[in-house]
Amino acid sequence: MPKNLSKSPAGKGPGTPARKSAQVAAKRPKPAQKAVSKAPLKAAPDLSQERLVRALETIAAHLAAQGKPAVERESFERADAYVWHPDGRLAAVPRVSRVELFLLKGVDRMRDILMENTERFASGLPANNALLWGARGMGKSSLVKAAHASINADRKPADRLKLIEIHREDIETLPMLMEKLRDSSFRFIVFIDDLSFDGNDASYKSLKAVLEGGIEGRPENVILYATSNRRHLLARDMIENERSTAINPGEAVEEKVSLSDRFGLWLGFHRCSQDEYLAMVRGYCGHFGIKIDNEALEREALEWSTTRGSRSGRVAWQFVQELAGRLGVKLTAK
């Protein structure tokens, strides 16, 4: 025994304190830190995937619930006129701001053409989209609203035309509106007032696609009427800029100018003569029962147009409002 003990190096024998400490440390249970840290790493992918699947299912359910009202058929029995909102909502207009068709003077030819086109469309016959362009204040938008009311005057509720106005800045949502109207039993005039495009505005492409260029195209129960002060709907500097910067100037300009060509019917409105202006004033005064000497009426009406710097239906209406207010006459048809 002493020989064996003497051969063992100091501190390395089986009975030394260092060896005992090492044996005790080896027998101790290792901390559970690594086991705890490894467990989530193995379960995390499965748990994350499960949560992701549940989240996607929830989103899909919400989208489906929200999508149902958008494709449901609108009754369109609340009113004859609506305003389109880009969130997919159609707001009914109980009373349209308009003038009677017979009060629109100096636009007889355009009136007859638009009325004939609208009558054909209302009867289910082929008709053209119409662009009413020209001098401001000459009754372009008034003619569209008056034609709509005149066509509906003698029609049954189920056969009445519906007028839907879409604002210029919402043109990109026009395809959404077309989808909403496509399956309806009613027929619609989609009306865009004061239509024009400036700068780098590319929303005109949505209008081109709806008019004739898209796969689905314009629904058979929809016709588009637009008004503009420009014949080609584009500013001159916009066209000239395309000429100066494009590789092929002719093709670049052709793409933008072709928008107007997709309206089959062009109706030009020009400044009225003095006689037509006075006829408008007399027509309004007779309709609303404004009593005034004819000579005084003409003198004041001409003086009013001179101060305004133009003669138009709008100027005539503004003068009649001034005259009625001064004479204490309410603008209610007699």
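That block above? That's the structure.
Quantities reported herein were computed from a predicted structural model and do not represent experimental measurements. (Residues numbered from 1 in each chain as written. Predicted model: local features only at pLDDT ≥ 70, side-chain atom pairs only at ≥ 80, totals over all residues. Heavy atoms only, no water.)

**Student:** Would you explain the overall build of the protein in this entry?
**Tutor:** Within the protein one finds 12 helices and seven strands. By residue count, 37% of the 334 residues in the protein fall in the buried class. A separation threshold of at least 6 residues defines the contact pool for the protein, and within that pool the share at least 24 residues apart is 76%. If you sum the accessible surface of the protein, you get close to 20,400 Å²; carbon and sulfur atoms cover 52% of it. (Helix = DSSP H or I, 4+ residues; strand = E, 2+ residues; numbered from the N terminus. Buried < 20%, exposed > 50% of the residue type's maximum accessible area, 1.4 Å probe, protein only. Contact = heavy atoms within 4.5 Å. Areas by Shrake-Rupley, 256 points an atom, 1.4 Å probe, with all protein chains shown as cover.)

**Student:** Explain a nonpolar patch on the surface to me, please; I cannot follow it from the model alone.
**Tutor:** Judged by side-chain polarity, Leu52, Leu56 and Ile59 come together as a nonpolar surface patch covering roughly 300 Å² of accessible area. One can find Ile59 in helix 3 (residues 33-71). Ile59 sits in the partly exposed class, given a relative accessible area of 47%. (Patch = residues over 30% accessible without salt bridge, like charges linked within 9 Å, V, L, I, M, F, W, Y side chains within 5 Å. Salt bridge = Lys/Arg side-chain N within 4 Å of Asp/Glu carboxyl O.)

**Student:** Is there a simple way to explain the pairing of strand 3 (residues 130-134) in this structure?
**Tutor:** Side-chain direction in a regular strand flips from residue to residue, so the side chains alternate between the two faces of the sheet. Most of strand 3 sits inside the fold, with five of its five residues counted as buried. Going residue by residue along strand 3, you find Ala130, Leu132 and Gly134 tucked away on one face and Leu131 and Trp133 tucked away on the opposite face as well. As paired elements, strand 3 and strand 6 (residues 222-228) share four bridges and run parallel to each other. Counterpart to Ala130 in the pairing with strand 6 is Tyr225. Both strand 3 and strand 7 (residues 265-269) contribute to a ladder of five bridges, which runs parallel. From the neighbouring strand, Leu132 faces strand 7, where its bridge partner is Leu267. (Pairing = 2+ DSSP bridges.)

**Student:** What is the right way to read the packing of aromatic side chains from this model?
**Tutor:** Each aromatic ring pair is summarised here by two numbers: the centre-to-centre distance and the angle between the ring planes. Here the structure, examined in full by the defined rule, presents five aromatic pairs. Arranged with centres 6.1 Å apart and planes meeting at 55°, the rings of Trp304 and Phe319 form a pair that is tilted. Within this pair, whereas Trp304 is found in helix 11 (residues 294-308), its partner Phe319 is found in helix 12 (residues 313-327), the two being separated by 15 residues in sequence. According to the relative accessible area criterion, Trp304 is partly exposed, its value standing at 23%. Here the aromatic residues Phe76, Tyr82 and Phe188 are joined through ring pairs into a cluster of three or more. Lying across the ring of Phe186, Lys162 places its NZ or CZ 4.7 Å from the centre. Over the aromatic face of Phe121 sits the side chain of Arg187, whose NZ or CZ is 4.4 Å from the ring centroid. (Phe/Tyr/Trp six-rings, centres within 6.5 Å; stacked < 30°, edge-to-face > 60°. Lys NZ or Arg CZ within 6 Å of the ring centre and 35° of its normal.)

**Student:** Mind showing me how you'd approach unusual backbone geometry here?
**Tutor:** Residues other than glycine predominantly adopt negative phi, and peptide bonds predominantly adopt the trans conformation. Its identity as a non-glycine residue notwithstanding, Asp194 has a phi of 55°, on the positive side. By the secondary structure assignment, Asp194 is in the loop between strand 5 (188-192) and helix 7 (204-213). With a relative accessible area of 48%, Asp194 lands in the partly exposed category.

**Student:** Sorry if this is basic, but what is going on with the nonpolar core here?
**Tutor:** Most often, soluble globular proteins keep nonpolar side chains buried together rather than apart. In this structure, Leu114, Leu132, Leu143, Phe269, Tyr277, Val281 and Phe319 are the most contacted members of the largest nonpolar core, which totals 47 residues. Of the residues forming this core, the biggest block, seven residues, is contributed by helix 10 (residues 274-288). Beyond its immediate stretch of four places on either side in the chain, Tyr277 contacts Cys272, Ala301, Leu302, Trp304, Ser305, Arg311, Ser312, Val315, Ala316 and Phe319. If you look at the next biggest cluster of nonpolar residues, it comprises 27 residues, including Ile164, Met178, Phe186 and Leu207. (Core = buried A, V, L, I, M, F, W, Y, C linked by side-chain atoms within 4.5 Å.)

**Student:** Looking at this structure, how should I read the pairing of strand 2 (residues 89-92)?
**Tutor:** Sheet topology note: the strand 1 (residues 81-85)/strand 2 ladder contains four bridges and is antiparallel. If you follow Trp84 over to strand 2, its bridge partner there is Leu90.

**Student:** Just checking my understanding: could you explain the layout of surface pockets for this structure?
**Tutor:** In this approach, a probe sized like a water molecule rolls over the atoms, and the result shows the empty space that is left. Here the largest pocket is characterised by a volume of approximately 940 Å³. Around the largest pocket, the lining comprises 36 residues; the ones closest to its centre are Ser97, Arg98, Val99, Ser142 and Lys145. Partitioned by chemical class, the residues of the lining of the largest pocket number 16 nonpolar, nine polar and 11 charged. (1 Å grid on protein atoms, 1.4 Å probe; cavity = no way out; pocket = protein on both sides within 12 Å on 5 of 7 lines; lining within 4 Å. Points joined across faces, edges and corners; volume = space filled by probe spheres on them. Nonpolar A, V, L, I, M, F, W, Y, C, P; charged D, E, K, R; others polar.)

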